[in-house]
Amino acid sequence: MSSKGSDGKMKMMRLLVGCAVSLVCGAASPGLSAKPVAGPDSWKGDFEAARRNCEELGKVVERLEAKGGGQYSRMSYEVVRYSLDAMAKDLSAGYTNRVIRGMKEVSRILPQALAKAKRIEAGEEKDIAVPRFKSGPVRIRGPILYGDREWPDGRIEHDKPVMLNGWGHFGGAQRDLELLNRTGHNYLQMEVGFNKFLPKPDAVATNAFDGFFAVADRAQKADTKIDLHLCVHYMAGWPLAKSPASKFCRNHFIGFCVHDPYMVGVMTNFQRQAAKLTKDHPALASYCLTNEPGSQNVSKCPHMKAIWEAYLAERYGTPAKMNELWRTNFTDFAAVPMPAYPKLPKTPLGLEFVRCNRQAFADFHAKLAKAVRDVAPNVPIHSKTTVDVSLGSPKECFFWSMDAARFAEIFDLIDHDGVHCYGPQSEWLGDWIRSQVGYDFIRSFADKPMINTENHIIQDHCAGYGIPKEYVYSALWQDAIHGQRATAHWTWERGGKASYNKLFNGLAPERPEIL
């Protein structure tokens with residue numbers, strides 16, 4: 001094939017891909033239009049019929065459960081009931097596009113689920129029984145999580161492999177915890193920030209964790225484990241005022257200087273106290289210590305400058321030896337500049353700086369980990385990393401600072417905040433390169449459980465309607481095949497017109513068939 005013909009085909013392919021992505025992710029068709037596509041009165045009959053059929057399904061499910069069955073029928077019933085309740089609110093808010101999509105999906109789910117439940121009740125189809133996670137300790141052996149499982153007939157199996165599957169990360173998942181458990185979920189990530197727990201230098205607000213304890217008590221009864229995120233990125237103003245370096249050494253989700261001994265002491269104290277307060281709750285599964293951590297804007301940091309000079313001295317011994325290997329003529333280590341993000345020189349200096357920066361960032365996380373382990377040695381810990389991006393361009397902050405091998409060594413669980421979104425961005429309909437490749441890469445460093453506490457299976461702002469349920473089914477199976485043992489999906493919230501809620505437009509809670 002000629003290069004000219006190849007270029008023409010590539011241009012056509014990019015055009016087709018762009019059109020397809022627009023259709024899938026709704027660039028041309030917003031999912032929350034308040035424009036009256038169909039008035040509420042025209043939906044009254046459909047809603048009433050769906051409500052009646054849903055109530056009938058609920059009665060059949062109760063009879064099946066009385067005989068020790070009905071697990072999958074229960075999940076279908078709860079999804080339909082939740083969706084109908086949510087769509088009733090959408091109608092009142094004028095979100096007619098979302099109601100149209102939801103009703104189409106419910107109209108496919110509900111008749112099938114009702115007919116299937118009736119066949120099972122009549123003995124015409126075999127019911128499927130599966131064990132469910134039972135509240136209790138979760139143990140780690142190698143890359144597997146072990147716990148207790150309960151069958152529908154009440155039999156309990158001890159110390160068996162378990163999969164934790166659930167949601168995060170805000171009020172919606174906490175509110176609907178019992179509903180989510182009835183739909184087969186058993187895992188929840190929730191967060192408490194530094195600014196709530198230590199709002200002032202001389203104040204410890206233990207009531208910041210009241211919400212955690214209330215949810216955790218419910219979770220224990222609902223056979224659900226909680227990953228508690230001790231958020232260092234929700235900052236209070238008072239520590240920053242005492243850390244001049246934090247004015248210009250703040251990175252991605254971490255809004256303070258991780259090299260400043262003062263800030264390190266403040267953050268380790270926060271997580272140590274928080275862990276001491278919460279470590280004994282039986283619903284607690286693990287602690288998350290940082291979210292999507294990155295550190296790249298460090299070129300003006302005096303603390304990092306000292307770390308850089310010490311690194312070079314340890315690495316080369318003398319400036320003369322360094323100059324010989326680098327083919328440079330620096331007079332001393334203090335004269336070696338730190339690259340300014342995002343311009344990374346493709347020289348030995350650039351390579352060594354990335355190594356040094358990654359080492360310093362991992363050292364900061366090791367200090368956080370030690371602080372928590374000092375008071376809660378039996379609670380697994382992890383950092384919600386974005387390893388896939390660290391494999392990419394030097395323009396990405398994670399490339400500058402993410403040492404996957406060190407993180408795998410430091411933590412008990414390997415957390416990869418992966419993105420596996422639907423859409424023909426390449427020759428694959430599922431973007432497995434940003435998820436499963438990251439799993440395989442980071443798991444190669446340690447034989448530990450792989451988790452994803454912010455699983456992006458649907459793209460943010462994706463209000464388009466073209467995401468098939470088969471894609472989600474495939475994505476979840478591929479995650480498990482590549483080592484995932486626990487996941488909290490992003491996120492149990494429905495979108496809205498407010499700027500904050502727009503982020504959630506088109507996510508799974510708005511899609512009955514995907515649920």
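Residues numbered from 1 in each chain as written. Predicted model: local features only at pLDDT ≥ 70, side-chain atom pairs only at ≥ 80, totals over all residues. Heavy atoms only, no water.

**Focus on the pattern of salt bridges**
Condition: Salt bridge, as applied in this entry: a Lys or Arg side-chain nitrogen positioned within 4 Å of an Asp or Glu carboxyl oxygen. Helix and strand assignments follow DSSP, with helices taken as H or I runs no shorter than four residues and strands as E runs no shorter than two, numbered in order from the N terminus. Working definition: with a 1.4 Å probe on protein chains only, accessible area under 20% of the residue-type maximum means buried, over 50% means exposed, and in between means partly exposed.
By the definition in use, this model includes 31 salt bridges. Two residues, Asp363 and Arg406, come together in a salt bridge whose shortest N-O distance is 3.1 Å. With Asp363 in helix α13 (residues 348–375) and Arg406 in helix α16 (residues 404–410), the pair connects residues that are 43 residues apart, well separated along the chain. A salt bridge links Lys384 to Glu454, with the nearest nitrogen and oxygen atoms 3.0 Å apart. Of this pair, Lys384 sits in strand β8 (residues 381–385) while Glu454 sits in strand β10 (residues 450–455); the two residues are 70 residues apart in sequence, bridging distant segments of the chain. On the basis of relative accessibility, which here comes to 7%, the residue Glu454 falls in the buried class. Each of Glu65, Arg74, Glu78, Arg81 and Arg182 takes part in salt bridges that share partners, so that together they form one network.

**Some points on a nonpolar patch on the surface**
The criterion, for reference: For patch building, the residue pool is restricted to those with more than 30% relative accessible area and no salt bridge; the joining distance is 9 Å between like charges and 5 Å between nonpolar side chains (Val, Leu, Ile, Met, Phe, Trp, Tyr). Accessibility throughout is a Shrake-Rupley quantity obtained with a 1.4 Å probe, and a residue counts as covered only by protein chains that appear here.
A surface patch of nonpolar side chains, about 270 Å² in accessible area, is lined by Trp428, Trp432 and Ile433. Secondary-structure assignment places Trp428 in the loop between β9 (414–416) and α17 (436–443).

**With respect to empty space enclosed by the protein**
To keep things clear, this is the line we draw: Points on a 1 Å grid over protein atoms alone make up a cavity when a 1.4 Å probe fits among them but cannot get out, and a pocket when they form an open set with protein on both sides within 12 Å along at least five of seven lines; lining residues each have an atom within 4 Å of a point. Grid points are joined across faces, edges and corners, and a volume is the space filled by probe spheres set on the points. Amino acids outside the nonpolar list (Ala, Val, Leu, Ile, Met, Phe, Trp, Tyr, Cys, Pro) and the charged list (Asp, Glu, Lys, Arg) are all regarded as polar, and Gly is one of them.
All chains considered together, the criterion is met by six cavities of 30 Å³ or more. Of the volumes computed, that of the largest cavity is approximately 100 Å³. Where the lining of the largest cavity is concerned, the elements lending two or more residues are β1 (132–141) and β7 (284–291). For the lining of the largest cavity, the per-class residue count stands at 10 nonpolar, one polar and no charged. Lining the second largest cavity are Glu78, Val79, Tyr82, Trp167, Leu179, Leu180, Thr183, His185, Trp492 and Leu515. If you list the elements that add at least two residues to the lining of the second largest cavity, you get α3 (71–93) and α6 (177–182). Of all the elements, α3 adds the most residues to the lining of the second largest cavity, at three residues. A per-class count over the lining of the second largest cavity returns seven nonpolar, two polar and one charged.

**Some words on the nonpolar core**
Going by this rule: For the purposes of this section, nonpolar cores are sets of buried Ala, Val, Leu, Ile, Met, Phe, Trp, Tyr and Cys residues that join through side-chain atoms within 4.5 Å. Should any heavy atoms of two residues lie within 4.5 Å, those residues are considered in contact.
In terms of nonpolar packing, the biggest core is built from 78 residues, with Phe194, Leu228, Phe256, Met267 and Tyr287 touching the most fellow members. If we ignore the near neighbours within four places in the chain, the residues touching Met267 are Phe194, Val232, Met235, Phe256 and Leu368. Ranked by size, the runner-up nonpolar core spans 22 residues in total, among them Met304, Tyr311, Val354 and Trp400.

**Observations concerning the confidence of the model for the chain**
Keep this limit in mind: Scored from 0 to 100, pLDDT reflects the predictor's confidence in each residue.
Model confidence for the chain is summarised by a mean pLDDT of 88, while 88% of its residues fall at 70 or above. Within the model, pLDDT remains below 50 along residues 1–38, and this stretch shows 51 contacts once partners closer than five positions in the same chain are excluded.

**Some remarks on the sheet that holds β9**
For the record, the criterion: For two strands to pair, DSSP has to find at least two bridges joining them. Only the contacting stretch of a helix is used when fitting its axis, a line to C-alpha atoms as for every element, and angles between N-to-C directions run 0 to 180 degrees.
Taken in spatial order, the eight strands of this closed barrel run β4-β5-β6-β7-β8-β9-β10-β11, and their pairing is parallel. Neighbouring strand axes in the sheet, compared pairwise and without regard to direction, differ in orientation by 30° on average. One ladder, built from seven bridges, connects strand β5 (residues 187–193) with strand β6 (residues 225–231); its direction is parallel. Pairing of Leu188 across the sheet is with Ile226, part of β6. Here α13 sits on the sheet in contact with β7 and β8, set at roughly 150° to β7.

**Here we look at the sheet that holds strand β2 (residues 144–150)**
If you trace the three strands from one edge of the open sheet to the other, you get β1-β2-β3, paired in antiparallel fashion. Edge strands, defined here as strands with exactly one partner in the open sheet, are β1 and β3 (156–161). The mean inter-strand angle of the sheet, taken between neighbouring strand axes irrespective of direction, is 20°.

**Overview of unusual backbone geometry**
Working note: non-glycine residues mostly have negative phi, and peptide bonds are mostly trans. In this structure, the amide linkage connecting Gly168 to the following residue, His169, adopts the cis form with an omega of 0°. Locating His169 in the fold gives a position in the loop between β4 (164–167) and α5 (171–175).

**Focus: α17**
This is how the line gets drawn: Directions are taken from the helix axis to each C-beta atom, and the arc is the one they span.
Of the positions making up α17, those classed as buried are Gln436, Gly438, Tyr439 and Ile442. Seen from one end, α17 has its buried residues packed into an arc of 155°, which puts them on one side.

**Things to note about the pairing of β7**
Among the eight residues that make up β7, eight are buried, leaving the element largely enclosed by the rest of the structure. Pairing of β6 with β7 involves four bridges; the strand directions are parallel. Within β7, the position partnered with His229 by the bridge is Cys288. Relative to β8, β7 is paired through three bridges, and the arrangement is parallel. The residue of β8 that forms the bridge with Cys288 is His382.

**Here we look at helix α10 (residues 261–278)**
Inclusion rule: By this rule the span expected of a helix is its residue count minus one, scaled by 1.5 Å. Think of a polar contact as two N or O atoms within 3.5 Å of one another; within protein, one of them needs to be a possible hydrogen donor and the other a possible acceptor, and neighboring residues in sequence only count if both atoms come from side chains.
For α10, built from 18 residues, the straight-helix expectation of 26 Å at 1.5 Å per residue is met to within 8% by its first-to-last C-alpha distance of 26 Å. Of the positions making up α10, those classed as buried are Met263, Val264, Val266, Met267, Thr268, Phe270, Gln271, Ala274, Ala275 and Thr278. Near the N-terminus of α10, the side chain that reaches the backbone nitrogen of Tyr262, with its oxygen 3.0 Å away, is that of Asp260.

**Digging into the packing of aromatic side chains**
Test applied: Each Phe, Tyr or Trp ring (for Trp, its six-membered ring) is paired with any other whose centre lies within 6.5 Å, and the angle between the two planes then decides the class: stacked below 30 degrees, edge-to-face above 60, tilted in between. Counting as a charge over the ring demands two things of the Lys NZ or Arg CZ atom: a distance within 6 Å of the ring centre and an angle within 35 degrees of the ring normal.
The tally for this structure, following the rule as stated, stands at 21 aromatic pairs. Pairing Trp308 with Phe353 gives two aromatic rings, centres 5.4 Å apart and planes at 80°, and the pair type is edge-to-face. Here the residue Trp308 occupies a position in helix α11 (residues 302–316), and Phe353 occupies one in helix α13, the gap between them amounting to 45 residues. The residues Trp308 and Phe353 share a single accessibility class, namely buried. Through successive ring pairs, a cluster of aromatic residues spans Phe194, Phe197, Phe209, Trp238 and Phe270. Positioned above the aromatic ring of Tyr146, the side-chain terminus of Arg141 is 3.8 Å from the ring centre.

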